[in-house]
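# Tertiary structure, described
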Amino acid sequence: MNETARVLNGIEIASAIKAEVGEQVRDLRMAGITPGLAVVLVGHVAASEIYVRSKVKACAELGMHSEMHTPPETVTTEEMLELISTLNQRDEIDGILVQLPLPKQVDTRRLLEAVSPDKDVDGFHPINAGRLQSGQPALEPCTPAGIMEILRRSSIPVAGKHAVVVGRSDIVGKPIAMMLLNASATVTVCHSKTVDLPHYTRDADLLVAAIGRPGFVTPEMVKPGATLIDVGINRLTEKADVDRFFPGDATRAKQFADRGSTLVGDIDPGAFARSGAYTPVPGGVGALTIAMLMHNTAKAARARRGR
Ligand code: NDP
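Residues numbered from 1 in each chain as written. Predicted model: local features only at pLDDT ≥ 70, side-chain atom pairs only at ≥ 80, totals over all residues. Heavy atoms only, no water.

### Considerations on the overall build of the protein
Quick reminder of the rule: Starting at the N terminus, helices and strands are each numbered in turn, a helix being any DSSP run of H or I of at least four residues and a strand any DSSP run of E of at least two. The globule rule used here is 2.2 Å times the number of residues to the 0.38 power, and the radius of gyration it is set against is calculated over C-alpha atoms. Working rule for contacts: check all heavy atoms of both residues, and any pair within 4.5 Å makes them a contact. Using a 1.4 Å probe, accessible areas were evaluated by the Shrake-Rupley method; residue-level cover was limited to the displayed protein chains. The positive count covers Lys and Arg only, the negative count covers Asp and Glu only, and His and the chain ends enter neither. Every charge is mapped to an atom, namely NZ of Lys, CZ of Arg, CG of Asp or CD of Glu.
Regarding its fold elements, the protein presents 11 helices and 11 strands. Taking 19 Å as the expected radius of gyration for a compact globule of 307 residues, we find that the protein reaches 20 Å, a close match to that expectation. The C-alpha extent of the protein, read off along each of the three principal axes, is 55 × 45 × 40 Å. Looking at the protein alone, contacts between residues at least 24 apart form 71% of all its contacts between residues at least 6 apart. With the model as given, the accessible surface of the protein reaches about 14,600 Å², and the carbon-plus-sulfur share is 53%. Separation between the mean location of the 34 positive side-chain charges and that of the 35 negative ones in the protein comes to 2 Å.

### Describing the pattern of salt bridges
Applicable threshold: Here, a salt bridge means any side-chain nitrogen of Lys or Arg that lies within 4 Å of a carboxyl oxygen of Asp or Glu.
Going through the model one piece at a time under the given rule, you end up with 18 salt bridges. In this structure, a network of salt bridges that share partners links the residues Glu20, Glu149, Arg152 and Arg153.

### Looking at the site of the ligand
The following threshold applies: If even one non-hydrogen atom of a residue comes within 4 Å of a molecule or strand, that residue is called near it. For the purposes of these results, a polar contact is taken to be a pair of N or O atoms within 3.5 Å, where, inside protein, one atom must be able to donate a hydrogen and its partner to accept one; residues adjacent in sequence count only when each atom of the pair is a side-chain atom. Only Asp, Glu, Lys and Arg are considered charged, only Ala, Val, Leu, Ile, Met, Phe, Trp, Tyr, Cys and Pro nonpolar, and every remaining residue, Gly among them, polar.
Of all residues adjacent to the ligand, which total 22 residues, the nearest are Arg168, Ser169, His191, Ser192 and Thr289. Serine 169 is positioned with one of its side-chain polar atoms (N or O) 2.6 Å from an oxygen atom of the ligand. The side chain of threonine 289 places a nitrogen or oxygen atom 2.8 Å from an oxygen atom of the ligand. When the free accessible area of the ligand is taken as 930 Å², the share hidden by the protein chains comes to 71%. Its residues assigned to classes, the shell around the ligand shows nine nonpolar, 10 polar and three charged.

### A look at the sheet that holds strand 7 (residues 206–209)
The strands that make up a sheet are held in pairs by hydrogen bonds between backbone atoms, and each pair lies either parallel or antiparallel. Where we set the bar: In this analysis, strands are considered paired if DSSP registers two or more bridges between them. Helix axes are fitted only over the stretch in contact, all axes being lines through C-alpha atoms; the angle between N-to-C directions runs from 0 to 180 degrees.
Across the sheet, six strands lie side by side as 1-11-8-7-5-6; this open sheet has parallel pairing. Since the sheet does not close on itself, it has two edges, and those belong to strand 1 (6–7) and strand 6 (186–190), each with one partner. Relative to strand 11 (residues 277–278), strand 8 (residues 227–230) runs parallel, the two being bridged by two bridges. When the sheet's bridge partners are listed, threonine 227 is paired in strand 11 with alanine 277. Most of the contacts of helix 7 (residues 173–182) go to strand 5 (residues 162–166), to which it runs at about 170 degrees, and overall it touches strand 5, strand 6 and strand 7.

### Focus on the packing of helix 2 (residues 46–61) against helix 11 (residues 289–304)
For the record, the criterion: Oblique is the label for any angle not covered by the other classes, which are roughly parallel (under 35 degrees), roughly antiparallel (over 145) and roughly perpendicular (65 to 115). Each crossing gets its handedness from the near helix: less than a right angle anticlockwise from the far helix is left-handed, clockwise is right-handed.
Interaxial distance between helix 2 and helix 11 falls to 10 Å at its minimum, and their mutual angle equals 50 degrees. In terms of orientation, helix 2 lies oblique with respect to helix 11. For the crossing formed where helix 2 meets helix 11, the hand is right-handed. Where helix 2 approaches helix 11, its residues Tyr51, Ser54, Lys55, Ala58 and Cys59 are matched on the opposing element by Thr289, Ile290, Leu293 and Met294. Looking at side-chain class alone, the contact of helix 2 with helix 11 contains six nonpolar, two polar and one charged residues.

### A look at the domain arrangement of the protein
For clarity, the cut-off: An automatic or database domain assignment supplies the residue ranges for each domain.
Annotation of the protein at the domain level lists domain 1 (32–116) and domain 2 (141–288). Between the C-alpha centres of domain 1 and domain 2 there is a distance of 29 Å.

### Remarks on the nonpolar core
Note the following rule: Nine residue types can take part in a nonpolar core, namely buried Ala, Val, Leu, Ile, Met, Phe, Trp, Tyr and Cys, and a core is a set of them joined through side-chain atoms within 4.5 Å. Partly exposed residues are those whose accessible area sits between 20% and 50% of the maximum for their type, while under 20% is buried and over 50% is exposed, using a 1.4 Å probe and protein chains only.
In terms of nonpolar packing, the biggest core is built from 49 residues, with Leu151, Leu180, Ile229 and Met294 touching the most fellow members. Mapped onto this core, the elements with two or more residues apiece are helix 1 (10–30), strand 2 (36–40), helix 2, helix 6 (142–153), strand 5, helix 7, strand 7 and helix 11. When residues are assigned to domains, this core turns out to be shared by domain 1 (32–116) and domain 2 (141–288), each giving three or more. When residues no more than four places from it in sequence are discounted, the contact partners of isoleucine 229 are Leu8, Ile147, Leu151, Leu206, Leu207, Val208, Ala209, Ile267, Thr279 and Val285.

### Concerning the packing of aromatic side chains
For clarity, the threshold we go by: To pair, rings of Phe, Tyr and Trp, with the six-membered ring standing in for Trp, must have centres within 6.5 Å; the planes then decide the type, stacked if under 30 degrees apart, edge-to-face if over 60, and tilted in the middle. Placement of a charge over a ring requires the Lys NZ or Arg CZ to be within 6 Å of the ring centre, with the centre-to-atom vector within 35 degrees of the ring normal.
Inspection of every chain in the model, using the stated rule, returns one aromatic pair. When the centroid spacing of 4.1 Å and the interplanar angle of 10 degrees are considered together, the rings of phenylalanine 272 and tyrosine 278 count as stacked. Grouping residues by exposure puts phenylalanine 272 and tyrosine 278 together as buried. Just above the ring of phenylalanine 245 sits the side chain of arginine 244; from NZ or CZ to the centre is 4.4 Å.

### Some words on unusual backbone geometry
Look at the link from leucine 100 to proline 101: it is a cis peptide, with omega at 0 degrees. With respect to the element layout, proline 101 can be found in the loop between strand 4 (95–98) and helix 4 (108–114). A cis amide bond links valine 281 with the next residue in sequence, proline 282, at an omega value of -5 degrees. On the secondary structure map, proline 282 appears in the loop between strand 11 and helix 11. Phi angles above zero are rare outside glycine, and serine 155 is one such case at about 55 degrees.

### Concerning the pairing of strand 4
Neither face of strand 4 is open: one carries Gly95 and Leu97, the other Ile96 and Val98, and all of them are buried. Bridge analysis of strand 2 against strand 4 gives four bridges, and the strand direction is parallel. Bridge pairing in strand 4 links valine 40 to valine 98.

### Points about helix 3 (residues 77–89)
To be explicit about the condition: One fewer than the residue count of a helix, multiplied by 1.5 Å, yields its expected span. This arc describes the spread of directions from the helix axis toward the C-beta atoms.
Under the 1.5 Å per step criterion, the end-to-end length of helix 3 is 18 Å for 13 residues, consistent within 8% with the ideal 18 Å. Those residues of helix 3 lying buried are Thr77, Met80, Leu81, Leu83, Ile84 and Leu87. Down the axis of helix 3, the sector holding all buried residues measures 160 degrees, keeping them to one side. For helix 3, the exposed residues lying more than 90 degrees away from the buried face are Glu82 and Gln89.

Structure, rendered in structure tokens:
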């Protein structure tokens, strides 16, 4: 048991990144350029609305222009393509973000591919995925890019280490695996068809869990001293689960009593004590996502406007 496991504080790292982006925005504005982000939010999904509002607020704090487009729930793919095309053409818009999920009738893939790769601040366009894979400068997906920032700014060594990524989604698992490979880790990617998952996770110097299942990675699945990166965000609404994952934790018990829920990642918090360092949930990886979106918007503005 390692009682000195280091907490990798995503909130602190996010505010350092935002401060740097703020500086970049100031420089751009001195040159008469205000970076601009357009957010497209379809319909009324409460969670998406909260998330989009925080993105707009972050833009305002850093001196960027932002605008929201809110087509109705009944919007068609053609109408959405038209909106994207207009935003692609507007020079003062540097970043376009389409908040997912979209209603069923909208062809999400077609839409994401319609966003100009130079304005693709979510890093979801196949051109950016290809650039990432071939090690060229790219707009990178925010969550995995945030993980790399956590590792870099916390001086966690990556080169030569065995990194095991559990999850292979296009937005987290695959891009983080590619980034870790580009940073010279030896990378193993696991998924729901992996046979004997603990065999791989127990050998990981660096374990990234992006699964979407509360506390899925148990303490026995972790190598003592490993770095644990917990991407999962799962809401616990049953008291028995809160007691199981956070035994004797008065803060969590109070939070649950007050709000009726609390968050847990994909790693059982009981595993953190075995680790060398870990990202908490909340306050770890999730805290970086908006900062990285701001970073990408400023980066897109600099690249597009020849700076
Ligand atoms: P997806 O559902 O797209 O992918 C989940 C992955 O986990 C899949 O590759 C799946 O494998 C794998 N998986 C599922 N069950 C198992 C299992 N039993 N054993 C091994 N692998 C399994 O999820 P996302 O990548 O979008 O998100 C993952 C988590 O991260 C979620 O909790 C999400 O909320 C969170 N998240 C957090 C963000 C943040 O800002 N912190 C941003 C984005 C996501 P297969 O491919 O075989 O089905």
